[in-house]
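Chains, contacts and geometry: an overview
In case you want the letters, here they are:
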Amino acid sequence: MKRRTKVTLIVTSSVVAIALLTVTGVTTYQKMTHKSEATVKAGYQTYTVATSPALSMSGKVIASKTQTLNIPTGKLQQINVNNGQTVKNGDILLTVTNTDMQEAIDNQNDMISKSNRAVNGAASALKSAQQSYNQADPESKVGLKDGIAQAQQAVTDANADAQDAQNKLVELQNKLNVNVTAPFDGIVSVDNNTKDGLPALTMNTTEKMLQATVSEYDYNKVHSGDKVTVSAIDGTPNQTTAIDKIDQIPAEQSKGTTYYPFSAHVNDSFLYGQSVKVKVPQNDLKVPSSAVYKGSLYKVIDGKASRINADVTKSGTSYIVKSGVAKDEKVVLNPDSHLKNGEKIND
């Protein structure tokens with residue numbers, strides 16, 4: 001009897017122990033599960049949709065048009081401008097004496113002297129023929145008329161040759177001194193450090209422009225008409241303008257990254273040759289890769305997650321959003337399988 005009672009007590013104790021363990025395990029599991037779900041729900045973060053960062057590059061301010069003037073060979077006779085001077089279209093910048101033309105003029109003067117001697121000789125021959133004719137008897141005069149006519153024609157020809165020689169001399173003299181004039185309104189640059197002793201002249205328009213380049217990787221992100229911010233290295237002056245043109249031909253061929261020139265007009269606050277900072281704002285909307293879950297975004301509307309099928313395209317570590325959300329709207333930054341549509345998001 002005592003033995004049976006002892007066995008019964010042992011069995012009863014074991015059952016109670018097992019029951020207690022079971023209850024404890026279930027309670028612990030429920031607490032852990034509840035804690036895990038609470039942690040997931042409390043861990044959702046939001047992200048404010050923004051545009052892509054502006055493209056940044058450097059550039060230079062140059063004249064919108066530059067022309068190196070052709071200076072004829074010769075001896076400088078006079079220069080009328082200083083470096084950096086503003087001139088008008090047609091202004092005489094300098095005058096050069098063409099030394100080669102001087103030699104031609106000297107030769108032409110010799111030709112004129114020869115022509116004058118020919119005129120004098122023809123005139124003397126005509127006078128002699130007329131005297132002979134006047135002194136001849138009537139019968140002889142008939143034969144002398146032809147001689148007078150020939151002498152008169154010789155005088156006419158000699159005078160014509162002399163006049164041609166004189167006209168040629170005037171033409172050469174007009175070429176002796178050559179004036180170099182400004183081809184358009186602008187500012188002239190004068191460089192006196194030349195080998196031939198003649199100053200080098202470069203014309204620059206007063207209209208200034210930005211010259212910068214964009215890499216092949218960002219070429220499709222820059223377009224004619226896009227706004228661009230140009231500023232000096234220290235921030236002043238600063239101007240927002242528009243891109244005029246983007247070249248399809250690269251600035252230079254190289255083994256590395258290829259760059260394409262683009263330009264924009266800037267105001268007179270900038271200096272010729274000034275180094276500037278350039279920023280081209282971007283209109284693309286971007287979200288981090290973590291915000292896209294199975295091709296969808298969770299937009300936060302009235303504090304709740306709303307799943308939308310946005311049009312997104314992968315771009316590096318981000319996604320470009322083409323439709324579905326707008327700038328400054330909020331999306332869930334880290335959606336997962338636990339996030340439910342309409343679930344409250346603690347921002």
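Residues numbered from 1 in each chain as written. Predicted model: local features only at pLDDT ≥ 70, side-chain atom pairs only at ≥ 80, totals over all residues. Heavy atoms only, no water.

Another aspect to go through is a negative patch on the surface. Together, Asp100, Glu103, Asp106 and Asp110 make up a region of like negative charge exposed at the surface. Along the polypeptide, Asp106 turns up in helix H2 (residues 99-135). Looking at Asp106, the relative accessible area reads 39%, which means it is partly exposed. (Patch = residues over 30% accessible without salt bridge, like charges linked within 9 Å, V, L, I, M, F, W, Y side chains within 5 Å. Areas by Shrake-Rupley, 256 points an atom, 1.4 Å probe, with all protein chains shown as cover. Salt bridge = Lys/Arg side-chain N within 4 Å of Asp/Glu carboxyl O. Lys, Arg positive; Asp, Glu negative; His and termini not counted. Charge placed at Lys NZ, Arg CZ, Asp CG, Glu CD. Helix = DSSP H or I, 4+ residues; strand = E, 2+ residues; numbered from the N terminus. Buried < 20%, exposed > 50% of the residue type's maximum accessible area, 1.4 Å probe, protein only.)

Sheet strands associate in pairs through backbone hydrogen bonding, adopting either a parallel or an antiparallel arrangement. As summarised here, the arrangement of the 4 strands in space is E4-E10-E9-E6, forming an open sheet in which the pairing is antiparallel. Across the chains shown, the open sheet's two edge strands, defined by having one partner strand only, are strand E4 (66-68) and strand E6 (85-87). The average undirected angle you get between the axes of adjacent strands in this sheet is 30 degrees. Alignment of E4 against strand E10 (residues 200-204), held across 3 bridges, turns out to be antiparallel. Across the sheet, residue Thr66 finds its bridge partner in E10, namely Asn204. (Pairing = 2+ DSSP bridges. Axes fitted to C-alpha atoms, helices over the stretch in contact; angles between N-to-C directions.)

What follows is about helix H3 (residues 138-176). A rise of 1.5 Å per residue sets the reference length of H3, with its 39 residues, at 57 Å; its end C-alpha atoms lie 57 Å apart and thus fit the reference within 8%. Of the positions making up H3, those classed as buried are Ile148, Ala151, Val155, Ala158, Ala162, Ala165, Leu169, Leu172 and Leu176. On its buried face, H3 sits against strand E7 (92-97), H2 and strand E8 (177-181). (Expected span 1.5 Å × (residues − 1). Contact = heavy atoms within 4.5 Å.)

As paired strands, E6 and strand E9 (residues 186-191) are joined by 3 bridges and run antiparallel to one another. Counted as the bridge partner of Val87 is Gly186 from E9. The pairing of E9 with E10 spans 5 bridges and is antiparallel. Considered in E10, the bridge of Ile187 is made with Asn204.

Moving on, we get to the sheet that holds strand E19 (residues 311-315). Ordered by their spatial adjacency, 4 strands build an open sheet running E2-E16-E20-E19, and the pairing between neighbours is antiparallel. Looking at which strands have only one partner, the edges of the open sheet turn out to be strand E2 (50-51) and E19.

Summarising the model, the protein chain shows a mean pLDDT of 86, and 87% of its residues fall at 70 or more. Low pLDDT (under 50) marks residues 1-41, which in the prediction has 3 contacts with non-local residues, meaning those over four places away or in another chain. (pLDDT = per-residue confidence, 0-100.)

Ranked by size, the top nonpolar core spans 19 residues in total, and within it Leu210, Phe262 and Val278 carry the most contacts. Secondary-structure elements contributing two or more residues to this core are strand E3 (55-63), strand E11 (208-215), strand E12 (227-232), strand E13 (238-246), strand E14 (259-266) and strand E15 (275-280). Of the residues forming this core, the biggest block, 4 residues, is contributed by E14. Leaving out residues up to four positions away in the same chain, Leu210 has contacts with Gly59, Lys60, Val230, Phe262, Ser263, Ala264, Val266, Val276 and Val278. With 15 residues, the next largest nonpolar core counts Val87, Ala182, Phe184 and Val188 among its residues. (Core = buried A, V, L, I, M, F, W, Y, C linked by side-chain atoms within 4.5 Å.)

Our next topic: the packing of H2 against H3. Look at H2 against H3: their axes get within 8 Å of each other, and the N-to-C directions meet at 165 degrees. With respect to H3, the axis of H2 lies roughly antiparallel. As for how H2 packs across H3, the hand of that crossing is left-handed. When the residues that make up the contact of H2 with H3 are grouped by side-chain class, the tally is 23 nonpolar, 13 polar and 5 charged. (Parallel < 35°, antiparallel > 145°, perpendicular 65-115°, else oblique. Left-handed = near helix turned anticlockwise from the far one by under 90°. Nonpolar A, V, L, I, M, F, W, Y, C, P; charged D, E, K, R; others polar.)

Let us look at the side chain of Ser115. If you trace the backbone, Ser115 turns up in helix H2. With residues up to four places along the chain from it excluded, the contact list for Ser115 reads Ala158, Asp161, Ala162 and Ala165.

A separate point is the environment of Gln163. With respect to the helices and strands, the residue Gln163 is situated in helix H3. Taking the C-alpha atoms as reference, Gln163 lies 8.6 Å from Ile112; in sequence the two are 51 residues apart.

Turning our eyes to something else, we now look at the packing of aromatic side chains. Summed over all chains, the structure comprises 1 aromatic pair. Of note, Lys208 hangs over the ring of Tyr272, and the distance from its end group to the ring centre comes to 4.7 Å. (Phe/Tyr/Trp six-rings, centres within 6.5 Å; stacked < 30°, edge-to-face > 60°. Lys NZ or Arg CZ within 6 Å of the ring centre and 35° of its normal.)

Let us look at the pattern of salt bridges. Enumeration according to the criterion identifies 4 salt bridges in this entry. Between Lys175 and Glu171 there is a salt bridge, with its nearest N and O atoms 3.8 Å apart. Within this pair, Lys175 and its partner Glu171 are both found in helix H3, separated by 4 residues, close to a single helical turn. Of the charged contacts, one joins Lys221 and Asp218 as a salt bridge, the two residues approaching to 3.3 Å between their closest N and O atoms.

A word on H2. Compared with the 54 Å implied by 1.5 Å per residue over 37 residues, the 55 Å span of H2 between its first and last C-alpha is a close match. Within H2, burial applies to Met101, Ile105, Gln108, Ile112, Ser115, Val119, Ala122, Leu126 and Ala129. A distance of 3.1 Å separates the backbone nitrogen of Asp100 from a side-chain oxygen at the start of H2, and that oxygen is part of Asn98. (Polar contact = N/O pair within 3.5 Å; in protein donor to acceptor, adjacent residues only side chain to side chain.)

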